[in-house]
Amino acid sequence: MLHPELLPPAVRKLAEAGAANELDPINLFNVTWRGPDRQIRHVVLPNELTGVNANVIVLAGRYFPSGSHKVGPAYTTLMEGELAGEIEPGLHTMIGPSTGNFGIGVAYISRLKGYPAIVIMPEQMSKERYRRIRQYGGELDLTPGSESDVILVLERTEAYKKDPKYKVLAQFELLPNYRFHRYVTGQSALEAARRYGNGRVAAFVSAPGSAGTLAAGDEIKARFPESVVCAVEPKECSTLFNNGRGTHRIEGIGDKMVTLIHNVLNTDYVMLIHDDDCVAGLELLQHRLRLVEEFAGQPEGSLAHLANLFGVSGICNVLGAIRLARHLNLGPEDNVVTIATDGFDRYPSVLDDLARRRGAVDSGQLRNWFEGIFRGGDSKELRDVRSPTEKLRLFGYKEQVWSKFGYSRSYLEQMQSQAFWDAQYDAIHRVDQDLAAGREF
Ligand SMILES: Cc1ncc(COP(=O)(O)O)c(C=O)c1O
């Protein structure tokens, strides 16, 4: 997935041609951050837009098969289960606990690999998500509430675990998610940044849902120990920040828990972003680009390439990256990397809802939105979590959730050492070897 160019040329050629038909199983070879030109798909936001001197580099997840990078953890978890002999076609049904994109990924990968799939998710997510899951042949099992009611999804998942026919691709707790993002996303982020500024990564910013993506920060820190990792949360659901637990509008993140696979040792800052800033920011970068160009003093058409690239959480990540760069006073040599998990295709209904809630807005109001969203932020909304006391606080939150789901204290305590995470990471060599051994080419 990091180096698709290492595949036999004939397979690579088939995979590139197969991209036109997303249900062709050859697309299993297109689960990668790279485009056909072998470059990592990304954009660097103009400083006139961000208002900071650092380079804000955004990796674009929407080009993955199924429309988001969450297909990577879905594939990796299923594939590792197959290699371990725990999952077999014809015998098992895949269960995808999710708030949307992981569920879309599970339905998609299961379809390509010949498994039935059931996605457990809250009932109030964007309707585009449910449509996609059905389109891939996935069944839906909906739980009450919205993004911040994921605990109910986990509880429903427990019921499926009792029947051996069901195999749960448990993104919040299984380490293939960590491995995929630390290796594939982490290395891709490092490679994308190499061309800019001093070629290093000063900061990595990601708003956690499962916290899989945050694992890229572990890889970045292994390469550049001075770099910092910032987890972003909705202000309305500030769980890592101060144990807050409200409802919010940023689908995919802010799930009211410290997930099991979140290596909190490597999280340096937690930042809060107001959810409606992300929705309104999406409106600006999707529907009002000409005005944004004007506000940022940019020529007409210069930001056109940003259309369709972001969902709500992508805007959240971008605002987190901008505000962190400003807080750390980063300069033109410094790179801040962040992620756009998915694209606009699953959010038209969210912007329709914004239009209903806010009514018509004139260009003066839109300028205020732009200033407030792209130049706003407040140092009180950033918490430094580097101290041992802060780590213990976060471990405590983790224990509260996961001891309830049967994880032993000794397992949870192992997670307080970086050696645990590095050993998990090293397992990729074994996985790669087993996978190669099982292939016919
Ligand atoms: C739209 C969106 N953004 C962000 C995330 C968070 O990514 P992660 O689960 O890797 O933390 C998700 C996860 O499902 C998502 O769907």
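First things first, this report covers the structure right here in the doc. Everything quoted here is computed from the prediction, not taken from an experiment.

**Looking at the site of the ligand**
- In the vicinity of the ligand there are 17 residues, among which K70, G209, S210, T213 and S313 approach most closely.
- One nitrogen or oxygen atom from the side chain of T341 is found 3.3 Å from a nitrogen atom belonging to the ligand.
- A total of 380 Å² of accessible area belongs to the ligand in isolation, and the protein chains cover 98% of it.
- Residues that form the shell around the ligand fall into these classes: five nonpolar, eight polar and four charged.

**Some points on the pairing of strand 2 (residues 55-60)**
- For strand 2, the tally of buried residues reaches six of six residues, placing the bulk of the element in the interior.
- Judged by which residues are buried, strand 2 turns out to be covered on both faces: N55, I57 and L59 on one side and V56, V58 and A60 on the other are all buried.
- Across four bridges, strand 1 (residues 42-45) lies against strand 2 in antiparallel orientation. Bridge pairing links L45 to V56 in strand 2.

**As for the sheet that holds strand 5 (residues 139-143)**
- Read across the open sheet, the four strands follow the order 5-4-3-6; overall the sheet is parallel. The sheet terminates laterally at strand 5 and strand 6 (166-168), the two strands that pair on one side only. Adjacent strand axes in the sheet meet at a mean angle of 25 degrees, parallel and antiparallel pairs treated alike.
- Relative to strand 5, strand 4 (residues 117-122) is paired through five bridges, and the arrangement is parallel. Bridged to P122 within strand 5 is T143.

**Some words on the nonpolar core**
- Judged by nonpolar contacts, the single largest core of 60 residues is most densely connected at L59, M94, I109 and V337.
- Looking at this core element by element, the count peaks at seven residues for helix 4 (residues 101-113).
- Those residues in contact with M94, other than ones at most four positions away along the chain, are L78, I87, V106, S110, Y115, P116, A117, I118, K167 and L169.
- Within the second largest apolar cluster, 59 residues are counted, among which are A203, L285, V318 and L330.

**A few points about the pattern of salt bridges**
- Going through the model one piece at a time under the given rule, you end up with 33 salt bridges.
- One salt bridge in this structure joins E251 and R129, with 3.0 Å as the shortest N-O distance. Of this pair, E251 sits in the loop between helix 9 (239-242) and strand 9 (269-273) while R129 sits in helix 5 (residues 127-135); the two residues are 122 residues apart in sequence, bridging distant segments of the chain.
- Here E399 ties to R409 by a salt bridge, and the two come within 2.8 Å at their closest N and O atoms. Taken together, the residues E399 in helix 15 (residues 388-403) and R409 in helix 16 (residues 409-414) connect sequence positions ten residues apart.
- Salt bridges here are not isolated pairs; linked through shared partners, they connect R249, D276, D353, R357 and R358.

Procedures and definitions
- Residues numbered from 1 in each chain as written.
- Predicted model: local features only at pLDDT ≥ 70, side-chain atom pairs only at ≥ 80, totals over all residues.
- Heavy atoms only, no water.
- Near = heavy atom within 4 Å.
- Polar contact = N/O pair within 3.5 Å; in protein donor to acceptor, adjacent residues only side chain to side chain.
- Areas by Shrake-Rupley, 256 points an atom, 1.4 Å probe, with all protein chains shown as cover.
- Nonpolar A, V, L, I, M, F, W, Y, C, P; charged D, E, K, R; others polar.
- Buried < 20%, exposed > 50% of the residue type's maximum accessible area, 1.4 Å probe, protein only.
- Helix = DSSP H or I, 4+ residues; strand = E, 2+ residues; numbered from the N terminus.
- Pairing = 2+ DSSP bridges.
- Axes fitted to C-alpha atoms, helices over the stretch in contact; angles between N-to-C directions.
- Core = buried A, V, L, I, M, F, W, Y, C linked by side-chain atoms within 4.5 Å.
- Contact = heavy atoms within 4.5 Å.
- Salt bridge = Lys/Arg side-chain N within 4 Å of Asp/Glu carboxyl O.

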